[in-house]
Amino acid sequence: MAVGGSIAESPYYIGRRRRRRPTSVKTNPGRNDMAAMADETPGPEFAAQMQERLLKREQARREEAERRKEAKGRQVVAEETSDYFLTTFNSERAAIEELLTADTEADRAAVAGRLEEVTAKVTQLQKFLNDSISFLNPHQLKRSQATLIDLRNRLNEAKEKAHPKKKFAFRARTKVAEKAETLDSLDGSVTVTSQFTQVDSAASSYCGFTNISDETLIKTRDEIQHQKVQLTHLTNCKVRLLGSPSSLHMKHIDNCEILCGPVSSSVFVDHCRNSTLAFACQQLRTHNTTDTQVYLHITTRAIIEDSKDVSFAPLSWSYPNMEQDFEAASLDPEKNNWNQVDDFNWLAAGTSSPNWSVIPEAERRTDWEY
């Protein structure tokens, strides 16, 4: 190093100074940088949108929590109501069964009084079931209906035992002939066949028609009132049941039109196709049925099983003194659940069964011949 030279001009110093010089960093942004940052900062509109989203999310969360709470409450109420129904129903059933199994050797007046009490209790139990349908599950409803059917059948058997029918006599032949003349005066197409007479005189708890094709068949109030009616193996027939039977069984029905008065208990339909049915009843069970229209008055819920293309409409046919048969059957003419149908083969909640439908009003029949 030259004597008298400046320290700042020394190569050693210059090298160290260059090596130690830090990289330039802007610690204070300029005006252009500040403007860019301002553009990227969310404005009042964005903040309002975020606030609205948060409020909606909180509201949805509260509504969902409230919905779950209400659903849980309804489930608890339904379970408690169902328990009450089953307890009361079973208690009343036991009381009725006790009356039915009471001493049958008592005098006729006592037996008649007891049977009247049973009839009233069965009617009340049916009404209790009708009023409880909304909260019963299909299994509970099915068992309760089966219990009522059994009680009504036992009641009818007790009535028949207390008041046995007179044995068949030759004079009944005259009554059949008189009936044939009466029916001929109503409609020349009515035919009283040999099968008809055989069913009337058969030693059976059922009356009705069987193995008949292409005929018009009629039974009057005197023949079917409080009786079990059975229709089997009928093809291309028109059937008129003008009275109030205790039950109605239809099996193997093909292309028929069957009209029946109020049935005091149940109607059973099995293997029916391409037919039209009309009746009033307490309960309806339909099996293996296709392409069939049902004009219905029912106080409970109809049940279909293994069936398809079954359509329903409210009962629209009548005959003289039909209101008396409604009273005899203990049916309320003002209460009709014709469009409340349970399909035991369709368990998808919230989705209607494709196996049954409602007949459009414009297509419903109103012109009936009796």
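These lines cover the structure that appears in this document, whether it is placed above or below. (Residues numbered from 1 in each chain as written. Predicted model: local features only at pLDDT ≥ 70, side-chain atom pairs only at ≥ 80, totals over all residues. Heavy atoms only, no water.)

The subject of this paragraph is the side chain of Thr-299. Along the chain, Thr-299 turns up in the loop between strand S9 (283-298) and strand S10 (302-305). Relative accessible area serves as the criterion here: at 4%, Thr-299 is assigned to the buried category. Among the polar contacts listed, one links the side chain of Thr-299 to the side chain of Gln-282, at a separation of 2.8 Å. Setting aside its immediate chain neighbours within four residues, Thr-299 contacts Asn-130, Ile-133, Cys-281, Gln-282, Leu-331, Asp-332, Lys-335 and Asn-337. (Helix = DSSP H or I, 4+ residues; strand = E, 2+ residues; numbered from the N terminus. Buried < 20%, exposed > 50% of the residue type's maximum accessible area, 1.4 Å probe, protein only. Polar contact = N/O pair within 3.5 Å; in protein donor to acceptor, adjacent residues only side chain to side chain. Contact = heavy atoms within 4.5 Å.)

A few words now on the pattern of salt bridges. Under the definition given, this model contains 13 salt bridges. Glu-97 serves as the salt-bridge partner of Arg-154, at 3.7 Å between the closest nitrogen and oxygen. Here Arg-154 is found in helix H5 (residues 138-162), whereas its partner Glu-97 is found in helix H3 (residues 44-100), with 57 residues between them in sequence. Look at Arg-154 and you get partly exposed, because its relative accessible area is 27%. Between Arg-273 and Asp-254 there is a salt bridge, and its shortest N-O distance comes to 3.1 Å. Here Arg-273, found in strand S7 (residues 266-273), pairs with Asp-254, found in strand S5 (residues 247-254); they are 19 residues apart in sequence, far enough to count as distant. (Salt bridge = Lys/Arg side-chain N within 4 Å of Asp/Glu carboxyl O.)

Now for the packing of helix H4 (residues 108-131) against H5. If you want to describe how two helices pack, look at the angle between their axes and the distance between the axes. H5 packs onto H4 with a crossing angle of 160° between their chain directions and a minimal axis gap of 11 Å. Our classification of the angle between H4 and H5 gives roughly antiparallel. Classified by chirality, the crossing of H5 by H4 is left-handed. Where H4 approaches H5, its residues Arg-108, Val-111, Leu-115, Val-118, Thr-119, Val-122, Thr-123, Leu-125, Gln-126 and Leu-129 are matched on the opposing element by Leu-141, Ser-144, Gln-145, Leu-148, Leu-151, Arg-152, Leu-155, Ala-158, Lys-159 and Ala-162. Partitioning the contact of H4 with H5 into residue classes produces twelve nonpolar, five polar and three charged. (Axes fitted to C-alpha atoms, helices over the stretch in contact; angles between N-to-C directions. Parallel < 35°, antiparallel > 145°, perpendicular 65-115°, else oblique. Left-handed = near helix turned anticlockwise from the far one by under 90°. Nonpolar A, V, L, I, M, F, W, Y, C, P; charged D, E, K, R; others polar.)

This brings us to the side chain of Asp-342. The topology assignment puts Asp-342 in strand S12 (residues 341-343). With relative accessibility at 15%, the residue Asp-342 sits in the buried group. For Asp-342, the side chain forms a polar contact with the side chain of Arg-301, separated by 3.0 Å. The contacts of Asp-342, once residues within four sequence positions are left out, are Leu-141, Arg-301, Ala-302, Ile-303 and Ile-304.

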